[in-house]
Amino acid sequence: MHSVPLEHEKQKLIFYVAQDLDQSIRSNVQQLVNELAASRIWSIAPPTFIDAIDEGCAEVVGGVLEIYSALQPNILSVDMDSKNLDEVEEIVCAVKKLSEKENISFEFLLDTTFVGTIDDGVVDRVLLEGLLVPWRNHINGES
């Protein structure tokens, strides 16, 4: 396995509930994050649960996963980039299932950049065609 230098740039994949919250939703999301955290060995660290108030006084409930940045000038090995994508896809899949089961809307950010939504179990085109498909194609050497 290739080791990644400690100083390698990282990004945060953040997912959060994009609708009115109640205790049931908060509990479901916390349980989801806890189950994800325990589900595998994560490249950097397991996802963590977020329950906070943002600058606009809005409640933010969701999770965050640190991944290694592949943005220039960073160079990631295909192995490491592939692991990052697998981890992100695992989170998207788990969030999709919860969203579908409980009719919850989620939004995703990569650091501060909006990268898509999952609404009632449907992954939107922005998340799929803007992030996941191009990332997988890049790893597979397709353009």
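Remember, predicted model here, so these are calculated numbers, not experimental data. (Residues numbered from 1 in each chain as written. Predicted model: local features only at pLDDT ≥ 70, side-chain atom pairs only at ≥ 80, totals over all residues. Heavy atoms only, no water.)

Peer 1: Tell me about the overall build of the protein, and please be specific about residues and values.
Peer 2: Along the protein, the regular secondary structure elements total three helices and six strands. Listing the helices and strands of the protein from first to last along the sequence gives β-α-β-β-α-β-β-β-α. Relative to the 2.2 N^0.38 estimate, which gives 15 Å for 143 residues, the radius of gyration of the protein is 15 Å and therefore close to what a compact globule would have. Taken over the C-alpha atoms alone, the protein extends approximately 45 × 30 × 30 Å along its principal axes. Per-residue burial over the protein gives 42% buried out of 143 residues. For the protein, the proportion of contacts with a sequence separation of at least 24, taken over those separated by at least 6, is 58%. Working note: accessible area of the protein is about 8,100 Å², and carbon and sulfur atoms make up 52% of it. Distance between charge centroids for the protein: 5 Å, based on 10 positive and 25 negative side chains. (Helix = DSSP H or I, 4+ residues; strand = E, 2+ residues; numbered from the N terminus. Rg over C-alpha atoms; globule rule 2.2 N^0.38 Å. Buried < 20%, exposed > 50% of the residue type's maximum accessible area, 1.4 Å probe, protein only. Contact = heavy atoms within 4.5 Å. Areas by Shrake-Rupley, 256 points an atom, 1.4 Å probe, with all protein chains shown as cover. Lys, Arg positive; Asp, Glu negative; His and termini not counted. Charge placed at Lys NZ, Arg CZ, Asp CG, Glu CD.)

Peer 1: Any details on the confidence of the model for the protein? Residues and values, ideally.
Peer 2: Low pLDDT marks regions whose predicted coordinates should not be analysed in detail. When pLDDT is averaged along the protein, the result is 92; 92% of the residues meet or exceed 70. Here helix α3 (residues 125–139) stands out as the element of the protein with the lowest mean pLDDT, 94, in contrast to helix α1 (residues 23–38), whose mean of 98 is the highest. (pLDDT = per-residue confidence, 0-100.)

Peer 1: Describe in detail the side chain of R26, supporting the description with residues and values.
Peer 2: Along the polypeptide, R26 turns up in helix α1. Setting aside residues no more than four positions away along its own chain, R26 makes contact with F49, D51, E59 and V61.

Peer 1: Describe the pattern of salt bridges, with residues and values.
Peer 2: For the coordinates displayed, the defined rule picks out eight salt bridges. Here D86 makes a salt bridge to R136, at a shortest N to O gap of 3.3 Å. Here R136 lies in helix α3 and D86 lies in helix α2 (residues 78–102), a separation of 50 residues in the sequence. Overall, R136 belongs to the partly exposed group, its relative accessible area being 24%. Across the pair E102 and K101 runs a salt bridge, and its minimum N-O distance is 3.7 Å. On the basis of relative accessibility, which here comes to 66%, the residue K101 falls in the exposed class. A network of salt bridges, in which partner residues are shared, links R26, D51 and E59. (Salt bridge = Lys/Arg side-chain N within 4 Å of Asp/Glu carboxyl O.)

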